[in-house]
Amino acid sequence: MNTVRLRFADTVAFLVVAIGWSAADAVVCCNSSSVTSGGGVAYCQNENRTFHTVEAFDGGACDDNQTALPVRKCCPPGQLYDPEVRFCGPAGEDDEEYLRRMMQRLRDGFRVVADAVMVGYDYEQPKCNATQVLVDVPAVEVRGLMEADPSAIVLPPGYCFDMTPSDELVSRTCRPRDQYCGRDGYTCVNKCCKHDQIGRMCKQSDKPFTMSAYETDADGRPVGQSNSTVLPYNVEPSCITKQMVKDGFVLTTDGSIYLTGDRKRVPDVLYCVEYYAEAGAQVATVLQAFVCGDDTSDSWFDLFLLVNSLASIVCLALTLLVYNTLPSLQNSRNCYVKPYIVCELVSFLCAVIKDIYKGIQGHSCVLYGYFQLFTYLASFCWLNVICFDIYWMLRYNISINKNKSISVRTIMYHIYCWGFSIVCVSTGYLFQYSQYESLQKLSPDIGDPFCWFKEKTRYGILIFYLIPSSIMLTANVILCFLTAIYFLRIKSELNGFKGSDSKTEIFLVYKEKFVMSTKLFLIMGTSYFFWIICSLFQNEQGIIWDISYVMTCLQGVTIFIIFVAKRKVIMDLRKKFRDAMGRSESTKINIIPGSS
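Thresholds applied
- Here the residue numbers are simple positions, counted from 1 along each chain's written sequence.
- Selection of residues for local features in this predicted model requires a pLDDT of at least 70, selection of side-chain atom pairs for listing and counting requires 80 or more, and totals for whole chains, interfaces and linings are taken over all residues.
- To obtain the side-chain values, all non-hydrogen atoms of the structure were included, while hydrogens and water were left out.
- For each residue, the accessible area found with a 1.4 Å probe, counting protein chains only, is set against the maximum for its type, and the residue is called buried under 20%, exposed over 50%, and partly exposed in between.
- Think of it this way: any DSSP run of H or I at least four residues long counts as a helix, any run of E at least two long counts as a strand, and we number them from the N terminus.
- Arc, as used here, means the arc of the directions from the helix axis to the C-beta atoms.
- Residue contacts follow a heavy-atom distance rule, with two residues in contact if any of their heavy atoms lie within 4.5 Å.
- Only centres within 6.5 Å qualify two rings of Phe, Tyr or Trp (six-membered ring in Trp) as a pair; their planes then separate them into stacked at under 30 degrees, edge-to-face at over 60, and tilted for everything else.
- Both a distance and an angle decide whether a charge sits over a ring: NZ of Lys or CZ of Arg must be within 6 Å of the ring centre and within 35 degrees of the ring normal.
- To form a nonpolar core, buried Ala, Val, Leu, Ile, Met, Phe, Trp, Tyr and Cys residues must be joined to one another through side-chain atoms within 4.5 Å.
- Salt-bridge detection follows one rule: a side-chain nitrogen of Lys or Arg within 4 Å of a carboxyl oxygen of Asp or Glu.
- The criterion for strand pairing is that DSSP finds at least two bridges linking the strands in question.
- Throughout, an axis means a line fitted to C-alpha atoms (over the contacting stretch in the case of helices), and angles, computed between N-to-C directions, take values from 0 to 180 degrees.
- Here roughly perpendicular refers to angles of 65 to 115 degrees, roughly parallel to angles under 35, roughly antiparallel to angles over 145, and oblique to all remaining angles.
- Here a crossing is taken to be left-handed if its near helix is turned anticlockwise relative to the far helix by less than a right angle, and right-handed if that turn runs clockwise.
- Note on residue classes: Ala, Val, Leu, Ile, Met, Phe, Trp, Tyr, Cys and Pro are nonpolar, Asp, Glu, Lys and Arg are charged, and everything else, Gly too, is polar.
- Helix span, as expected, comes to 1.5 Å for every residue beyond the first.
- Any pair of cysteine sulfurs within 2.5 Å is marked as a disulfide.
- For every residue, the predictor assigns a confidence score, pLDDT, that lies between 0 and 100.

For helix α13 (residues 555-563), the full list of buried residues reads Q555, G556, I559, I562 and F563. Buried residues of α13, viewed axially, fall in a sector of 120°; they line one side.

Put into structure tokens, the structure is as follows:
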């Protein structure tokens, strides 16, 4: 930490001296005592904005109530931008001189920088969405930006600035893909991770992404290397299962990849490429492609999953109908099962609607994703309640007839389940649309194209989904283990002392509920465990991933088997049906003589 601070202070000092301002003319607002460290990078705050350096010029004083002019640098301190590889590299021995020249160029070119009282330096390249690519702005356009509006009060938004090894001032910004891909010597390639991330976990890296494009003949086969500039972008391929291709593929100028072994062309929406580490290697150096599976088999598998999901919806609806119909199931012991079934039913409906109807876009897609996250979290909460309630009643020997105690617990359970889910979802939504960059990095970032988490490696999916659900499932494991211990103890006491019929009946009731909660936990826990394993290792193909999907889609069917497909419930349904038929016949008999 001290090394970072010393290095930061040295860089700031060199920057101040190199730019040509004396100590009296430039005051560094972020000193070693006010600088904190996040992600290995020193930064400080000014008017709720995060900067790496804040300075006051021309005898001005540092004032937190005065917002510093933001100057966005494309590359981190000590690095310059190399347009040949389109990546940031070390500035070399002339680091301080390079910083002086860059800032002098900005002050000479932009009046807003020259007239600034306070300037906050930061580095971050513009964040492009799924329909954009990050491009280098030509030098002519950079000069146009400087001369566009001499009375501007801010630098052009959406741009970052830096210097090249040849002392040229360069700017970068996001542009629509359809304006560049396949035009004027540009080729776009779908990258599995963001532009500065590589590997299975999409971690930050200083390795530049380089790839060549090839010209094709009339049949779409590569014939020779092109001089096109390759622009990477990041869009999730529109398929569920993907196959890894280590070699035997080339990028064509139209943005597709050609599999030389299979002699077939894969369009840009059905693949992504990324650097991965070979077995045993620590550094990701091998460029691999992930290609969607065969269209026919993939469509059949998608149809199979859709049919399973529809079957789960029907089974969940029938289960809810049975629990609202049979008087024997409308008791305090089952009052926590119905909200759990409702949450599962709604979550399945959301997933099926999203798969069938592809027209959910924009902010509606964001709201839809957050609502689905709410149903998932609520399902985990109610499963947690079911496991906890049987443990609590057994541990403290609470009778099932104590209505007051049960009603108080029921209220607390509802507050826990709905309150926790609402707080998580609301916090995630506020983080995503917050003005603070630090909170945005922690947000779930839900949205297009799947109305779900855009990146599996962001902190948001850990904070708002993986960690809460993992904690609740872990608690369920502990509760099931402790409940099993108490059951064994009670069973031994009943066998040793020949317990009364009432105690034996209560024991059997508890046992039935415990077995039910254990089955539920195994259903959700097993599929969730497979999903975690596949997500961590980015293993989006193979039998494990397929099993995870099938188990998830069949949860509604298994819940119907657990709750309804039991001898006692079936007998009660038959009796209910016979009584209803008998009343119907009796009504007909009474109506006919009256009519006569």
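More follows now that the structure is in view.
The next thing to look at is the environment of Q204. With respect to the element layout, Q204 can be found in strand β15 (residues 203-204). As for Q204 and C193, which are separated by 11 residues in sequence, their C-alpha atoms are 9.7 Å apart. Not counting residues up to four positions away in its chain, the partners in contact with Q204 are D196 and Q197.

Moving on, we come to the packing of aromatic side chains. This structure, assessed with the given rule, holds 19 aromatic pairs. Here the aromatic rings of F110 and F161 are separated by 5.3 Å at their centres, their planes lie at 65°, and the arrangement is edge-to-face. One end of the pair, F110, is in the loop between α2 (95-109) and α3 (111-114); the other, F161, is in strand β11 (residues 159-163), and 51 residues separate them in sequence. Of the residues examined, F110 reaches a relative accessible area of 5% and is grouped as buried. With a centroid separation of 6.5 Å and an interplanar angle of 70°, the aromatic rings of F380 and Y465 are classed as edge-to-face. Taken as a pair, F380 in helix α7 (residues 362-395) and Y465 in helix α10 (residues 459-497) lie far apart in primary sequence, 85 residues in all. We note that F380, like Y465, is buried. An aromatic cluster is defined as three or more aromatic residues linked by ring pairs; in this entry it consists of Y376, F380, W452, F453 and Y465. The ring of Y233 carries R177 above its face, with NZ or CZ at 4.1 Å from the centroid.

Nonpolar side chains in soluble globular proteins generally cluster together in the buried interior. Counting residues in hydrophobic clusters, the biggest one holds 51 residues, and the most contacted among them are Y340, L373, W382, F453, Y465 and F563. Mapped onto this core, the elements with two or more residues apiece are α5 (295-325), α6 (337-356), α7, α8 (403-432), β26 (452-453), α10 and α13. No other element matches α7, which puts 15 residues into this core. Grouped together as the second largest cluster of nonpolar side chains are 22 residues, V71, M102, L155 and M163 included.

Attention now moves to the pattern of salt bridges. Summed over all chains, the structure comprises 7 salt bridges. When the shortest N-O distance is used, the salt bridge between E141 and R175 registers 2.5 Å. With a gap of 34 residues between them, E141 in helix α4 (residues 139-148) and R175 in strand β12 (residues 169-176) connect regions that are remote in the sequence. On the basis of relative accessible area, E141 is assigned to the partly exposed category, the value being 27%. In this structure, R265 engages D254 in a salt bridge whose closest nitrogen and oxygen atoms are separated by 3.4 Å. Of this pair, R265 sits in strand β22 (residues 264-266) while D254 is found in the loop between β20 (249-252) and β21 (257-259), placing the two residues 11 residues apart along the sequence.

With that settled, consider the pairing of strand β17 (residues 222-225). Every other side chain in a regular strand lies on the same face of the sheet, so the side chains alternate between the two faces. Examined bridge by bridge, strand β16 (residues 213-216) and β17 share 3 bridges and lie antiparallel to one another. Bridge pairing in β17 places Y214 opposite Q225. The turn joining β16 and β17, which pair antiparallel and follow one another in sequence, is formed by 5 residues; a positive phi near 85° is taken by G220.

Before going further, it helps to spend a moment on the packing of α6 against α13. Look at α6 against α13: their axes get within 11 Å of each other, and the N-to-C directions meet at 155°. Between α6 and α13, the crossing angle belongs to the class labelled roughly antiparallel. For the pair α6 and α13, the sense of crossing is left-handed. Touching V337, Y340, E344 and F348 of α6 are Q555, G556, I559 and F563, all from α13. Among the residues forming the contact of α6 with α13, the class breakdown is 5 nonpolar, 2 polar and 1 charged.

Within the open sheet, the 5 strands sit side by side as β17-β16-β20-β21-β22. Their pairing is mixed. In this open sheet, the two edge strands, each paired with only one partner strand, are β17 and β22. Put simply, the sheet's adjacent strands are angled 45° from each other on average, direction ignored. In terms of strand pairing, β21 meets β22 through 3 bridges, oriented antiparallel.

Here the focus is the environment of I463. Topologically, I463 is positioned in helix α10. With 20 residues separating them in the primary sequence, I463 and S443 have C-alpha atoms 8.4 Å apart. Sequence-distant contacts of I463, that is, excluding residues within four places in its chain, are made with L442 and P468.

Think of an α-helix as 3.6 residues a turn; residues three or four steps apart then line up on the same face. In a regular helix each residue adds 1.5 Å, so 20 residues correspond to 28 Å; α6 covers 29 Å between its end C-alpha atoms and thus fits that length. Where α6 is concerned, the buried positions are V337, P339, Y340, I341, C343, E344, L345, S347, F348, C350, V352 and K354.

All told, the structure shown has 6 disulfides when counted by the stated rule. Paired by a disulfide, C181 and C188 hold their sulfur atoms 1.9 Å apart. An S-S torsion of about -90° defines the bridge between C181 and C188 as left-handed. A relative accessible area of 4% places C188 in the buried class. Disulfide pairing is shown between C192 and C272; the S-S distance is 2.1 Å. Across the disulfide from C192 to C272, rotation about the S-S bond amounts to roughly 90°, and the bridge is consequently right-handed. Residue C192 is found in the loop between β13 (186-190) and β14 (197-198), and its partner C272 is found in strand β23 (residues 271-276); the two are separated by 80 residues along the sequence. C381 carries a free sulfur, and the closest cysteine sulfur to it, the one in C417, is 4.9 Å from it.

For the rest of this paragraph, the subject is the confidence of the model for the protein. Residue-level pLDDT values for the protein average 75, and 69% of them are 70 or greater. pLDDT under 50 marks residues 31-41. Its contacts with residues more than four places away, or in other chains, come to 20 contacts. A low-confidence stretch, residues 400-404 stays under pLDDT 50, and its non-local contacts, those more than four residues away or across chains, total 5 contacts.

This part is about unusual backbone geometry. Here R86, not a glycine, exhibits a phi torsion of approximately 55°, which is positive. Here R86 is to be found in the loop between β7 (79-82) and β8 (87-90). Despite not being glycine, D184 has its phi angle at roughly 50°, a positive value.

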